[in-house]
Amino acid sequence: NRDAAKQTVTQALQQSGLRSPVDQANLRVLAATLRNDPQGRDEALTELVKLLPNDARLVHSLAEEDLNSRRYDQAAKWFREAIRLNPEDAAAYNLLGYTLAYGGDLAAARKAFDEYAKQPAQQGNALDSQGEALFMYGKFADAERYFLNAHKTQPDLLNGGDLLKAAYARFLAGDQKQAHAMFAQSMRDMVG
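Residues numbered from 1 in each chain as written. Predicted model: local features only at pLDDT ≥ 70, side-chain atom pairs only at ≥ 80, totals over all residues. Heavy atoms only, no water.

1. Observations regarding the overall build of the protein
In terms of helices and strands, the protein carries 11 helices and zero strands. Walking the protein from its N terminus toward its C terminus, one meets helices and strands in the order α-α-α-α-α-α-α-α-α-α-α. A compact globule built from 192 residues should have a C-alpha radius of gyration of about 16 Å, whereas the protein, at 21 Å, is more than 25% larger. The C-alpha extent of the protein, read off along each of the three principal axes, is 70 × 35 × 30 Å. Burial analysis of the protein (192 residues in total) assigns 39% to the buried set. Partitioning the contacts of the protein with sequence separation of at least 6, the portion at a separation of at least 24 is 41%. Total accessible area on the protein stands at roughly 10,800 Å², and carbon and sulfur atoms take up 50% of it. (Helix = DSSP H or I, 4+ residues; strand = E, 2+ residues; numbered from the N terminus. Rg over C-alpha atoms; globule rule 2.2 N^0.38 Å. Buried < 20%, exposed > 50% of the residue type's maximum accessible area, 1.4 Å probe, protein only. Contact = heavy atoms within 4.5 Å. Areas by Shrake-Rupley, 256 points an atom, 1.4 Å probe, with all protein chains shown as cover.)

Quick look at the structure:
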């Protein structure tokens, strides 16, 4: 019950006995989330991170908030901080790569994906992410190669979807005949 939750959070924020700045900031994050207020959520998360600067989970959340709001430079800064605080946060490496790619720095994105590939069991997805970044930049032949390598490394990734991505990259590179053959093969592989 969203309305009841909003009312409860509003009442909690009005309590004079609520003295902890961390509690207040947490409630403001929740209130902004319930109101579907991205700017208010970002402001409250920023305040919370200032109060708890070593909380890797919070820093990661703030990075995602900035990424979703297309503040790529700020998101990259926070993802790097999340990684510094928690070097095992594989998702932060991957999201840092996408953030950098969206922000216009393909070279830095590729380095982030290379670091992501070093995380346990992430090599296939890191290859897929590299392919997507290259695809975004219109480097279709390179993207195809990464998608095929991702499929070779981890065939069950995306239920074989990397083969479809490779076929589409081949199609956009101008080789329609081979793209159709790749698509047909990927359908046979997916159906089993």
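2. Examining the environment of Glu 43
With respect to the secondary-structure elements, Glu 43 resides in helix α3 (residues 38-51). Using a relative accessible area of 48% as the deciding quantity, one classes Glu 43 as partly exposed. Note: C-alpha distance between Glu 43 and Ala 143 (100 residues apart in sequence) is 37 Å.

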